[in-house]
Amino acid sequence: MRPSQRGRGRDRHWGRDRSMSLPPSESHGEEHERRVLARAIRRLPRRCRNVFVLHRFVGMPLEQIADHLGVEKRAAETRLAEALVRLTRAVDEAAGSGPPKRK
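Rules used in this analysis
- Residues numbered from 1 in each chain as written.
- Predicted model: local features only at pLDDT ≥ 70, side-chain atom pairs only at ≥ 80, totals over all residues.
- Heavy atoms only, no water.
- Helix = DSSP H or I, 4+ residues; strand = E, 2+ residues; numbered from the N terminus.
- Buried < 20%, exposed > 50% of the residue type's maximum accessible area, 1.4 Å probe, protein only.
- Contact = heavy atoms within 4.5 Å.
- Areas by Shrake-Rupley, 256 points an atom, 1.4 Å probe, with all protein chains shown as cover.
- Core = buried A, V, L, I, M, F, W, Y, C linked by side-chain atoms within 4.5 Å.

**Observations regarding the overall build of the protein**
Step number 1: Secondary structure summary: the protein contains five helices and zero strands in total.
Step number 2: Listing each helix as α and each strand as β along the protein from the N terminus yields α-α-α-α-α.
Step number 3: Counting across all 103 residues of the protein, residues that qualify as buried make up 17%.
Step number 4: Once local pairs closer than 6 in sequence are excluded, the contacts in the protein between residues at least 24 apart make up 47%.
Step number 5: For the protein, the accessible surface area stands at approximately 8400 Å², while carbon and sulfur atoms represent 50% of it.

**Some details on the nonpolar core**
Step number 1: Grouped together as the largest cluster of nonpolar side chains are 15 residues, with contacts concentrated most on F52, L62, I65 and L87.
Step number 2: At the level of elements, α2 (24–43), α3 (46–56), α4 (62–69) and α5 (73–94) are the ones that each hand at least two residues to this core.
Step number 3: Sequence-distant contacts of L62, that is, excluding residues within four places in its chain, are made with V51, H55, K73, A76, E77 and L80.

**Let's talk about the environment of A83**
Step number 1: Of note, A83 is situated in helix α5.
Step number 2: With a relative accessible area of 0%, A83 lands in the buried category.
Step number 3: With 38 residues separating them along the chain, A83 and P45 place their C-alpha atoms 8.3 Å apart.
Step number 4: Those residues within four positions of A83 in sequence are excluded, and the remaining contacts are L44, C48 and F52.

Written out as structure tokens, the structure is:
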């Protein structure tokens, strides 16, 4: 199977709305999580967001991202790590389990 054809059969099997197979409570919770995550990604600093999107959604390796952005590989790694920390915090805070309170 060619890469461009992957997943096409699954879409026909599941239909357009995959959430139809989930119980309503799970479907709603997952949709809320997706919205929280999408909002958190949009709010990332551009330098972090670019690296995160290229790595996680495009599948580009960090070496290639660094070349593409004209930065050192270590800078791309640092930006990805910062993006992941910020996204984790945003999801945790939205779920009510935010960072521990300081005294």
